[in-house]
Amino acid sequence: MINSNLLLDVGSNIRLNEIEFTVDGYIVFKDSDGTKWIEYKLKAKRGFQVQWLSVDKVNDEYAVYSEESYSEEFLEENIKANGYKEVDNSSAKVVDYRGNVDVDLGEKVFYKEYEDSTEELLISIENWDGEQEFSKGYYIDKNDIEKLDSEFNNKYDIDTNESNELEKDKGNAGAIVGIILVIITVIISLRACGSNKQDKSLSRFIESNSNFQYETSITSDLDQKKKANVYSTSKTIEEAAKLLIEGLKGNIEDVQENKEDSTVAIMTKDEMALIYLSDNSRTLIQVSLREYVYSSRNTVYRGSHRTNRFYRSYYYNRGYNKDKSRYSNSPNGYSDYNDGSFTPNDSNRYKTYSNSIRQSSVNTRSSSGDGISSGK
């Protein structure tokens, strides 16, 4: 069983692999078989590194995970081809959480866990209401988890929490206060959720920002119900891209830059925006649902050959494999496409900038249920 000096709470400080972290939040999961475990979100004291520490007291297992952007590496056939085997395939429910995490009570996640041949490295794939999230990890010995705080008053422990749930008769006054607090919390959460959803829409942010002026709309050549909107701006490509990243508080799925012409592609769960120079050297932003990109063979509005090639190649390599199951009932604009020339750079300057915005925002990863737990 886990010893008491590893009980953590928001604000606890620990050291892993010579890097010091602060606990930014935690999630308590209950598996389909009734087993509980905790995942602690760890934020590096220096830099923007975020990791997740999974603490499974029942099986005395501890693991560290880092979230990853999607790539073909996470296709099941490629996972197994690289020597990993499936060791867990189940579902779990969120039964408690605290701090800067992105879940709701009662939210359900389906997950698969893979181990490599050494039984030390891990790959985790999670499905949160249709949104897949990916992470890599490794097992760690509990003796290598160094807690830097000598004492912490509000350590969270699953067993203690369960026993507290059984306590009764705390007094009428306490019950009334508790009900009031619950009502206030629900109201605040609903307001935050509504605000967060608005922040996370590329189209809505562009429409409401005076830096962008509507130019035209483009209808898909395969489905006339699907359209992309085009906007112009006086800002440079870099300025416009960073403005969009700031507007979404860094809550994006991916961002990449085309080194040939500085075009930037930004992808969220449901949308994609391309920031580029037009044929008359104006900065344009083409934004649409990802379903439009999937269901279209159109080129970019007034874009160059290099821009058009990057637009389709980027989507094909970063979004298509995920979307072809989501949009299987829509026309497929990539059924015979095979351009694999795109090479992602997950350390590009825009991704670094997005991570910094995401970590510094006080509103980031509020309880909207759209984020990664990067866990078991």
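Shown above is the structure to which this text applies.
Reference entry: report on the structure contained in this document. Not measured: the values here are computed from a predicted model. Residue numbering note: each chain is counted from 1, following its sequence as written. Only residues with pLDDT of at least 70 are given local features in this predicted model, and only at 80 or more are side-chain atom pairs given and counted; all residues enter the totals for whole chains, interfaces and linings. The side-chain figures draw on all heavy atoms in the structure; neither hydrogens nor water molecules are used.

As a further point, take the environment of Gly34. The secondary structure listing takes helices from DSSP runs of H or I that are at least 4 residues long and strands from runs of E that are at least 2 residues long, numbered from the N terminus. Here Gly34 shows up in the loop between strand 2 (19-31) and strand 3 (36-44). Burial classes: relative accessible area under 20% of the type maximum marks a residue as buried, over 50% as exposed, and values in between as partly exposed (1.4 Å probe, protein chains only). You can call Gly34 partly exposed: its relative accessible area is 38%. Spatially, the C-alpha atoms of Gly34 and Lys93 are 9.7 Å apart, while their sequence positions differ by 59 residues.

Here we take up the pattern of salt bridges. What counts as a salt bridge is simple: a side-chain nitrogen of Lys or Arg found within 4 Å of a carboxyl oxygen of Asp or Glu. For the coordinates displayed, the defined rule picks out 29 salt bridges. Between Arg98 and Asp9 there is a salt bridge, with the nearest N and O atoms lying 2.8 Å from each other. Of this pair, Arg98 sits in strand 6 (residues 85-99) while Asp9 sits in the segment before strand 1 (13-16), placing them 89 residues apart in sequence. When salt bridges that share partners are traced, they join Glu253, Asp270, Arg290, Lys322, Asp323 and Arg326 into one network.

On to unusual backbone geometry, then. Although it is not a glycine, Glu119 adopts a positive phi angle of roughly 60 degrees. Here Glu119 lies in the loop between strand 7 (108-115) and strand 8 (121-128). The phi dihedral of Ser262 is positive, around 70 degrees, even though this residue is not glycine. When you line up the elements, Ser262 lands in the loop between strand 13 (254-257) and strand 14 (264-267). Under the relative-accessibility criterion, Ser262 is labelled partly exposed at 32%.

Keep in mind that these numbers describe shape and distance, not what the molecule does.
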